[in-house]
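Take a look at the letters that make up each chain.
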Amino acid sequence: MKRLILITGLLLLFAAEILRVYYIMPFPGSQKQETIGFAYWLGRNIPWIRIALILLIAFPLIQSLQKNKWWMKIVLALIVIFYGVIFYFFNFRFEADKMFYQPKHKNFITASRTGADSVLIIGVAINGEAKAFPIQIIGYHHQVRDTIGNTPAIITYCTVCRTGRVFSPVVNGKPETFRLVGMDHFNAMFEDATTKSWWQQATGVAIAGPLKGQSLPEIPSQQLTLAAWLRLYPNSTVLEADSSYKKQYRGLDGYNKGTIKGSLEKRDSASWQFKSWVVGVVSNRAAKAYDWNELVKKEIIEDSVGGAPVLIALENDTASFHVWSRKVNDRMLHFEKTKAQDTLVDTSTRSLWDMNGTCVDGTLKGSQLKTIQAYQEFWHSWKNFHPATAVYK
């Protein structure tokens, strides 16, 4: 009986340490089940579970070390040492915030000092101030806390889902801080410092803990090249790479183009595969996905999402994209692209529009297309977090 208690207690102790991290990190098979509730319970109660199981096995373990043969004592000693190794790795090496750190130095520089106009960025403009956050930088850090136009913001990115999102970090009227705690269905999760609730990066929704069901307000953002962003906001500043993490940033070389070697982050070049790129659009609570390969081929796509007429346009750099409403002054417009000038022409008035969505010549000169929030991400991510999404074909 004592031996059964000892063996059972040891197995449960090992399982508790491993599963606490296994379910919220990208280990084989860990991200495909609905286990977040159990993982959260395990994470919150692991101290008491350890104490209870150690007390359970303490007496039979001591007796076994005293009475068993020398080889059995060695085996038990090795098991205890192995538990120490497991404890160390699953508490100090494999946890998300022990692998991905926040910037030690957060500096913003003027565009003239970057010398990298082709890099992809997440751009945010609030109250007349614009800032650009290179994806290769925030992709490693997963989140960068900042203030833009006197407004607190948390700029987030998950490289495994290719999801860039910007949120207000104000929870229940109080500025909140977050740490990277792991992932759910391959998407980064953050834990707030006050209630220890877990928040999904792709949606900004708390999926476990006291605040489950609440959402962080999203702040509009754009993903495009730095050059395209600076055309919109020439006075924008750019987040500078932190020299402390040069090696980590180099680990994302090729990510922007989808040629990175890592299987979790590399692009499927074919359409509608697990890691294919799509443009996701949400309007009037309706979601729709557009194949990136088709957008590259057509350069513009006209459609409607949730009853709203939309125009998706890709710039000549084949990286910067825009989603606008095609409705101007209660008039539905249709567009053609002039590739040579990287401009648009509406077929009704033959007015000329630039890639900022501004009419620069013709009957509608001075008019501005309204931006619709849209994202480029992996197909597996978009369909998982928008299960009712329509597909444009």
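The structure displayed is predicted, hence computed values, not measured ones.

What counts and how
- Residues numbered from 1 in each chain as written.
- Predicted model: local features only at pLDDT ≥ 70, side-chain atom pairs only at ≥ 80, totals over all residues.
- Heavy atoms only, no water.
- Phe/Tyr/Trp six-rings, centres within 6.5 Å; stacked < 30°, edge-to-face > 60°.
- Lys NZ or Arg CZ within 6 Å of the ring centre and 35° of its normal.
- Core = buried A, V, L, I, M, F, W, Y, C linked by side-chain atoms within 4.5 Å.
- Buried < 20%, exposed > 50% of the residue type's maximum accessible area, 1.4 Å probe, protein only.
- Helix = DSSP H or I, 4+ residues; strand = E, 2+ residues; numbered from the N terminus.
- 1 Å grid on protein atoms, 1.4 Å probe; cavity = no way out; pocket = protein on both sides within 12 Å on 5 of 7 lines; lining within 4 Å.
- Points joined across faces, edges and corners; volume = space filled by probe spheres on them.
- Nonpolar A, V, L, I, M, F, W, Y, C, P; charged D, E, K, R; others polar.
- Pairing = 2+ DSSP bridges.
- Axes fitted to C-alpha atoms, helices over the stretch in contact; angles between N-to-C directions.

1. Overview of the packing of aromatic side chains
In total, this model carries 30 aromatic pairs according to the counting rule given. A cation sits over an aromatic face here: Arg267 above Trp277, 4.2 Å from the ring centre.

2. Some thoughts on the nonpolar core
The biggest cluster of nonpolar side chains holds 36 residues, and the ones touching the most others in it are Leu6, Val171, Phe178, Trp199 and Leu216. Of all the secondary structure elements, the ones that give two or more residues to this core are helix 1 (2-22), helix 2 (36-67), helix 3 (70-92), strand 5 (151-158), strand 9 (178-184) and strand 10 (187-192). Counting 23 residues, the second-largest nonpolar core is a separate cluster that includes Ile155, Val166, Tyr249 and Ile260.

3. Some words on the layout of surface pockets
A volume near 490 Å³ is recorded for the largest pocket. If you trace the largest pocket, you find 22 residues lining it, with Pro26, Met99, Phe100, His142 and Glu265 closest to the centre. Put simply, the parts of the chain that give the lining of the largest pocket at least two residues each are helix 4 (135-141) and strand 9. Ranked by residues supplied to the lining of the largest pocket, first place goes to strand 9 with three residues. The space that makes up the second largest pocket amounts to roughly 380 Å³. Ser221, Gln222, Trp229, Tyr233 and Thr371 are, among the 22 residues lining the second largest pocket, the residues nearest its centre. Residue composition of the lining of the second largest pocket, by class: 13 nonpolar, nine polar and no charged.

4. Description of the sheet that holds strand 12 (residues 206-208)
Pairing in this open sheet of four strands is antiparallel, and the strands run 9-10-11-12 from one edge to the other. For this open sheet the edge positions go to strand 9 and strand 12, each flanked by a neighbour on one side alone. Averaged over all adjacent pairs, the angle separating strand axes in this sheet is 40 degrees, with direction ignored. Sheet topology note: the strand 11 (residues 198-200)/strand 12 ladder contains two bridges and is antiparallel.

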